[in-house]
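Each chain, letter by letter, is given below.
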Amino acid sequence: DKQLQADKDENTKKMELQRLEAEERMKQMENTLKTGVRQVAQNSMQIQGEAGEISVENFLNQTYPLDEIESIKPGAKGADYLQHVSDNGRSTCGTIYIEVKRHKDFKNEWIPKFKNDIREKNTDLGVLISEVMPKGVINPIVKDGVWICSLVNYEFVIEFLRHHLIELNRVQLVNENVFDKQSR
């Protein structure tokens, strides 16, 4: 009887240990799965953002081959691209700083940060291209000196601003020539 009880107790302890091991394995697998899901979601958001940036960069390079498109390295401080606008491929008429955002919500705190980046880089204009526009906004707008547009209409905004910089540069050159002639 005593041996039978001892064997029974030993088997009960073994079964308890096996159950606890299985529970611990399940917890570890669950944590590993949660971590993996979190990493996939994070990578997915990063891939979405990079895809938006690549799309914008392709547009800029294909549409404006005479402009210098400076790509800002991922993770580096600042926007995604600095477009050096040129009307003839020789001289720069101005610069457009471009930031691409692909988030679920538009965050108003992007604007002052981006405005500060524009100031630090000493660029002429800034364009914030966002997948989601600010609440109640459908068309491109200027907010606190920053152009905000969507991934649907950014091409028009870039073309408009680029044309503006070229025309402004031409007017400045004409004025300089007139001033030079007058001062002789």
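Residues numbered from 1 in each chain as written. Predicted model: local features only at pLDDT ≥ 70, side-chain atom pairs only at ≥ 80, totals over all residues. Heavy atoms only, no water.

A. Examining the overall build of the protein chain more closely. A count of helical and extended segments in the protein chain gives 3 helices and 6 strands. Reading the protein chain from its N terminus to its C terminus gives the helix and strand order α-β-β-β-α-β-β-β-α. Expressed as a percentage of its 184 residues, the buried residues of the protein chain come to 30%. At a minimum sequence separation of 6, the contacts of the protein chain that also span at least 24 residues come to 50%. Approximately 12900 Å² of the protein chain is accessible, and the part contributed by carbon and sulfur atoms is 53%. (Helix = DSSP H or I, 4+ residues; strand = E, 2+ residues; numbered from the N terminus. Buried < 20%, exposed > 50% of the residue type's maximum accessible area, 1.4 Å probe, protein only. Contact = heavy atoms within 4.5 Å. Areas by Shrake-Rupley, 256 points an atom, 1.4 Å probe, with all protein chains shown as cover.)

B. Focus on the environment of Tyr154. Considering the arrangement of structural elements, one finds Tyr154 in helix 3 (residues 154–182). What makes Tyr154 buried here is its relative accessible area of 3%. It is 8.6 Å that separates the C-alpha atoms of Tyr154 and Val56, two residues lying 98 residues apart in sequence. In this structure, Tyr154 is in contact with Ser55, Val56, Phe59, Ile129 and Cys149, ignoring residues within four places of it in sequence.

C. Geometry of the nonpolar core. Formed by 21 residues in total, the largest nonpolar core has its most connected members in Val56, Leu60, Ile96, Ile98, Val127, Ile129 and Ile158. Of all the elements in the fold, those that place two or more residues in this core are helix 1 (2–63), strand 2 (81–86), strand 3 (92–101), strand 4 (125–130) and helix 3. By residue number, the principal contributor to this core is helix 3, which donates 6 residues. Residues in contact with Val56, not counting those within four places in the same chain, are Tyr81, Ile98, Val100, Ile129, Leu151 and Tyr154. (Core = buried A, V, L, I, M, F, W, Y, C linked by side-chain atoms within 4.5 Å.)

D. View of the sheet that holds strand 4. If you trace the 6 strands from one edge of the open sheet to the other, you get 1-2-3-4-6-5, paired in mixed fashion. Across the chains shown, the open sheet's two edge strands, defined by having one partner strand only, are strand 1 (68–71) and strand 5 (141–143). Neighbouring strand axes in the sheet, compared pairwise and without regard to direction, differ in orientation by 25 degrees on average. Here 4 bridges tie strand 4 to strand 6 (residues 146–150), and the two strands are oriented parallel to one another. In the sheet register, Val127 faces strand 6, and the bridge partner there is Trp147. (Pairing = 2+ DSSP bridges. Axes fitted to C-alpha atoms, helices over the stretch in contact; angles between N-to-C directions.)

E. Just the pattern of salt bridges, in detail. What the rule picks out here adds up to 6 salt bridges. The salt bridge involving Lys113 is made with Asp117; its shortest N-O contact spans 3.1 Å. Taken together, the positions of Lys113 and Asp117, both in helix 2 (residues 110–121) and 4 residues apart, correspond to about one turn of that helix. Lys113 gets classed as partly exposed once you look at its relative accessible area, which sits at 47%. (Salt bridge = Lys/Arg side-chain N within 4 Å of Asp/Glu carboxyl O.)

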